[in-house]
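Here's the letter readout for the chains.
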Amino acid sequence: MDAERVVAELVDDVEGGILGSAGGRFFGWVVGGSLPAALAADWLTAAWDQNAAMYTCAPAAAIAEEVAGEWLKEILGLPAQASFALVSGCQMAHSTCLAAARHALLAKRGWDVERQGLYGAPPIRILSSDQMHGTFERAVRFLGLGREHIIDLPVDSQGRLRGGALQQALRSDPSSPTIVLLQAGDVNTGTYDEFERLIPIAHEHGAWVHVDGAFGLWAAASPTYRHLVRGVSTADSWATDGHKWLNVPYDCGYAFVVDSESHRASLSHRAPYLTHDSGARDEMDWNPEWSRRARGFPTYAALRQLGRNGVAELVDRCCRHAHSLTTRIGSLPGAELVWEPVINQGLVRFPDSSPEASAEDHDRRTDEVIAAILSTGEAFFGGTTWRGRRAMRISVCSWRTSDDDVDRVVNAVAQLSGSL
Ligand SMILES: *Cc1c(COP(=O)(O)O)cnc(C)c1O
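The rules behind these values
- Residues numbered from 1 in each chain as written.
- Predicted model: local features only at pLDDT ≥ 70, side-chain atom pairs only at ≥ 80, totals over all residues.
- Heavy atoms only, no water.
- Helix = DSSP H or I, 4+ residues; strand = E, 2+ residues; numbered from the N terminus.
- Rg over C-alpha atoms; globule rule 2.2 N^0.38 Å.
- Contact = heavy atoms within 4.5 Å.
- Areas by Shrake-Rupley, 256 points an atom, 1.4 Å probe, with all protein chains shown as cover.
- Lys, Arg positive; Asp, Glu negative; His and termini not counted.
- Charge placed at Lys NZ, Arg CZ, Asp CG, Glu CD.
- Near = heavy atom within 4 Å.
- Polar contact = N/O pair within 3.5 Å; in protein donor to acceptor, adjacent residues only side chain to side chain.
- Nonpolar A, V, L, I, M, F, W, Y, C, P; charged D, E, K, R; others polar.
- Axes fitted to C-alpha atoms, helices over the stretch in contact; angles between N-to-C directions.
- Parallel < 35°, antiparallel > 145°, perpendicular 65-115°, else oblique.
- Left-handed = near helix turned anticlockwise from the far one by under 90°.
- Core = buried A, V, L, I, M, F, W, Y, C linked by side-chain atoms within 4.5 Å.
- Buried < 20%, exposed > 50% of the residue type's maximum accessible area, 1.4 Å probe, protein only.
- Patch = residues over 30% accessible without salt bridge, like charges linked within 9 Å, V, L, I, M, F, W, Y side chains within 5 Å.
- Salt bridge = Lys/Arg side-chain N within 4 Å of Asp/Glu carboxyl O.
- Pairing = 2+ DSSP bridges.
- Expected span 1.5 Å × (residues − 1).
- Phe/Tyr/Trp six-rings, centres within 6.5 Å; stacked < 30°, edge-to-face > 60°.

Draft legend 1. The overall build of the protein, seen in detail. If you tally the helices and strands in the protein, you get 12 helices and 11 strands. A compact globule built from 420 residues should have a C-alpha radius of gyration of about 22 Å, and the protein, at 23 Å, falls within 12% of that. Overall, the protein is about 70 × 65 × 40 Å in size when its C-alpha atoms are taken along their principal axes. Relative to all contacts within the protein whose residues are 6 or more apart in sequence, the contacts with residues 24 or more apart total 71%. For the protein, the accessible area works out to roughly 18200 Å², and carbon and sulfur atoms hold 51% of it. Averaging the positions of the 38 positive and the 52 negative side-chain charges in the protein gives two centres separated by 4 Å.

Draft legend 2. Spatial organisation of the site of the ligand. Around the ligand, 14 residues are found, and the nearest of them are Q91, D212, D241, H243 and K244. In this structure, K244 approaches the ligand through a side-chain N or O atom, which is 2.8 Å from an oxygen atom. Contact with the protein chains hides 84% of the accessible area of the ligand, taken as 380 Å² for the molecule alone. Tallied by class, residues from the shell around the ligand come to four nonpolar, seven polar and three charged.

Draft legend 3. Summary view of the packing of helix α2 (residues 36-48) against helix α10 (residues 296-330). Where α2 meets α10, the closest approach of the two axes is 8 Å, and the angle between their N-to-C directions is 155°. Relative to α10, the element α2 lies roughly antiparallel. The two elements α2 and α10 meet at a crossing, and its hand is right-handed. Facing P36, A37, A38, A41, D42, T45 and W48 of α2, the residues of α10 in contact are F297, P298, A301, A302 and Q305. A per-class count over the contact of α2 with α10 returns nine nonpolar, two polar and one charged.

Draft legend 4. Quick peek at the nonpolar core. With 109 residues, the main nonpolar core has W218, L246 and I329 as its most contacted residues. The leading source of residues in this core is α10, at 11 residues. What L246 contacts, discounting residues up to four positions off in sequence, is L35, L72, W218, Y254, T299, A302, L303, L306 and V311. A52, A61, A64 and A294 belong to the second largest nonpolar core, which has eight residues in total.

Draft legend 5. Spotlight on a nonpolar patch on the surface. A contiguous nonpolar surface patch, about 410 Å² in accessible area, is contributed by M1, V6, V7 and V11. Positionally, V11 belongs in helix α1 (residues 3-13).

Draft legend 6. Here's a closer look at the sheet that holds strand β2 (residues 125-129). Strand order in the open sheet made by the seven strands is β1-β7-β6-β5-β4-β2-β3, with mixed pairing throughout. Two strands lie at the open edges of the sheet, namely β1 (83-87) and β3 (150-153), each paired on one side alone. With direction set aside, neighbouring strand axes in the sheet form an average angle of 20°. Contacts from helix α7 (residues 163-172) reach β2, β3 and β4 (178-183), with the element oriented near 170° to β2. Most of the contacts of helix α8 (residues 195-204) go to β4, to which it runs at about 175°, and overall it touches β4 and β5 (208-212).

Draft legend 7. Geometry of helix α11 (residues 359-376). For α11, with 18 residues, the first-to-last C-alpha span of 26 Å sits near the 26 Å given by 1.5 Å per residue. Burial in α11 covers these residues: D361, H362, D363, R365, T366, V369, I370, A372 and I373.

Draft legend 8. Looking closely at the sheet that holds strand β10 (residues 382-386). Ordered by their spatial adjacency, four strands build an open sheet running β8-β9-β11-β10, and the pairing between neighbours is antiparallel. The open sheet has two free edges, formed respectively by β8 (336-339) and β10, since each of these has just one partner strand. If you compare each strand with its neighbour and ignore which way they point, the axes differ by 45° on average. Contacts from α11 reach β9 (345-349), β10 and β11 (389-395) within the one sheet, and its direction differs from that of β11 by about 30°.

Draft legend 9. Summary view of the environment of T385. Residue placement: T385 occurs in strand β10. Residue T385 is classed as partly exposed on the basis of its relative accessible area of 48%. Separated by 238 residues in sequence, T385 and R147 place their C-alpha atoms 22 Å apart. Reaching out from T385, the side chain makes a polar contact with the side chain of R390 at a distance of 2.9 Å.

Draft legend 10. Representation of the pattern of salt bridges in the model. Per the stated rule, a full pass over the model turns up 26 salt bridges. In this structure, D42 engages R293 in a salt bridge whose closest nitrogen and oxygen atoms are separated by 3.1 Å. Residue D42 is found in helix α2, and its partner R293 is found in the loop between α9 (260-267) and α10; the two are separated by 251 residues along the sequence. Take R293: its relative accessible area is 30%, and that puts it in the partly exposed class. A salt bridge links E336 to R349, with the shortest nitrogen-to-oxygen separation between them at 3.1 Å.

Draft legend 11. Representation of the packing of aromatic side chains within the structure. Scanning the model with the defined rule gives seven aromatic pairs in all. Aromatic side chains F26 and F380 sit 4.5 Å apart centroid to centroid with 15° between the ring planes, which places their arrangement in the stacked category. Of the two residues, F26 sits in the loop between α1 and α2 while F380 sits in the loop between α11 and β10, which places them 354 residues apart along the sequence. Neither F26 nor F380 differs from the other in exposure class; each is buried. Pairing W29 with F380 gives two aromatic rings, centres 5.4 Å apart and planes at 35°, and the pair type is tilted. Here W29 is found in the loop between α1 and α2, whereas its partner F380 is found in the loop between α11 and β10, with 351 residues between them in sequence. Given a relative accessible area of 16%, F380 falls into the buried group.

Structure representation (structure tokens):
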């Protein structure tokens, strides 16, 4: 077929099947838009079609990625000596960091996991809160660490891992190689663990501390919200996303590891037919993939478009919009505020107003209102079950969301909840 016709028909055929997730009134899941410079750089990335596996194969891509990685560490307040990887998303960033952790913890016990595998190795235990994101559990599965070695620890009323519980768990089995997972931004509430308090406890017991900061780590870029991540830079590894709050197109995530030797040892590869330039950074030493997209270009472009102040302003603006949306919708007749945003994530619900309504009725009514909002086409929100109750999630990550968008959405929800 003629190429132009293929594309024209593709555009026709997807009609009705493209979600408006790149727009300013999309608040479902945790989904960012695409900054103009990042989107244009992403088109160029496709057109240039470089294989960003190593410097000799795609020199400009290797350099742009190296620059982007250094900028990311700076803007996120992470240690300058940390190694990094640009991967497909936060889940693969977890996998990358966990591979490094697995190497380091077992090497300390005389076990070469890359050579010997996990057969007969000392089991690695993973301590996490019961609010852990499912992508971490998948990374644990893929690396053969086994779901049953994840130990859920209780959280406080704010959803933060309890220091006492962590200490007790670490003491109960002091010789076991241990990974502690901490959260920078819970997916429902944006809650942060107390890094300053918990990381020293974990390190005292020789544990590796990994941080899931898929979107929440970006608070570090804002002077207004930086206090939430105080102490986070003392962890051992971090996973975050470019395609959420930085507004880089899919797919783009970032892994950072302080122990760069372990990072490299767990992933690096050499083959006789590959030529390595000893003076340059080869992506394949740090990434799980071989052939790969030149992911550094869009990240480089996003960071240059925004600059340090622009990233801070984007974070602050999204938080302000999330707060406004959540509190204004939450105070409408027929609505209820469930979680006032700490950062860019809020929760509301729509209880059933009849006097004998049960918990199930409130849940049903909440899901009905979410569906009714979606059917207007004015905005997109997702539902969640949080602490046993249905709620509507409000997540603001897009550079495009404006004050006008917020007003328009609040008005739309007000009209709707008045008429339902
Ligand atoms: C989105 C998210 C992830 C997973 O990120 P992907 O980029 O989809 O792999 C992990 N943790 C949290 C808290 C998230 O919000």
